[in-house]
Amino acid sequence: IFAAMIAVTVTASLERGVLTALADLWSDAWFRATLADAYFGFLTFYCWVAYRENGWTGRIVWLLAILCLGNI
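The structure presented is a predicted model; accordingly, all values stated were derived computationally and were not measured.

A. Just the pattern of salt bridges, in detail. According to the stated counting rule, one finds one salt bridge in the structure shown. Two residues, D24 and R16, come together in a salt bridge whose shortest N-O distance is 3.0 Å.

Structure below.
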């Protein structure tokens, strides 16, 4: 799964940059809905991680990792 996610991400990045894709796709309501669905899922998972994590440093590191890396 990890290798597949890396391959898909690298292939997509070589085809078109993230910011270029965002500019092109933002007007599509399904793109925004899918993006919201993914990030609400990430935040739901993060709430559980933050509950289990003892210190604020770990909570912040986990939040950044989840939001920046997603399912990778």
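So, next bit.
B. Highlighting helix 4 (residues 56-69). In this model helix 4 runs 20 Å from its N-terminal to its C-terminal C-alpha over 14 residues, within 8% of the 20 Å that 1.5 Å per residue would give. Among the residues of helix 4, those classed as buried are G58, R59 and I66. Axial view of helix 4: buried residues confined to an arc of 100°, hence all on one face. Facing away from the buried side of helix 4, by more than 90 degrees, are the exposed residues W56, T57, V61, L64 and C68. For helix 4, the elements touching its buried residues are helix 3 (29-52). At the C-terminal side of helix 4, G70 shows a positive phi close to 60°.

Calculation criteria
- Residues numbered from 1 in each chain as written.
- Predicted model: local features only at pLDDT ≥ 70, side-chain atom pairs only at ≥ 80, totals over all residues.
- Heavy atoms only, no water.
- Salt bridge = Lys/Arg side-chain N within 4 Å of Asp/Glu carboxyl O.
- Helix = DSSP H or I, 4+ residues; strand = E, 2+ residues; numbered from the N terminus.
- Expected span 1.5 Å × (residues − 1).
- Buried < 20%, exposed > 50% of the residue type's maximum accessible area, 1.4 Å probe, protein only.
- Arc of directions from axis to C-beta.
- Contact = heavy atoms within 4.5 Å.

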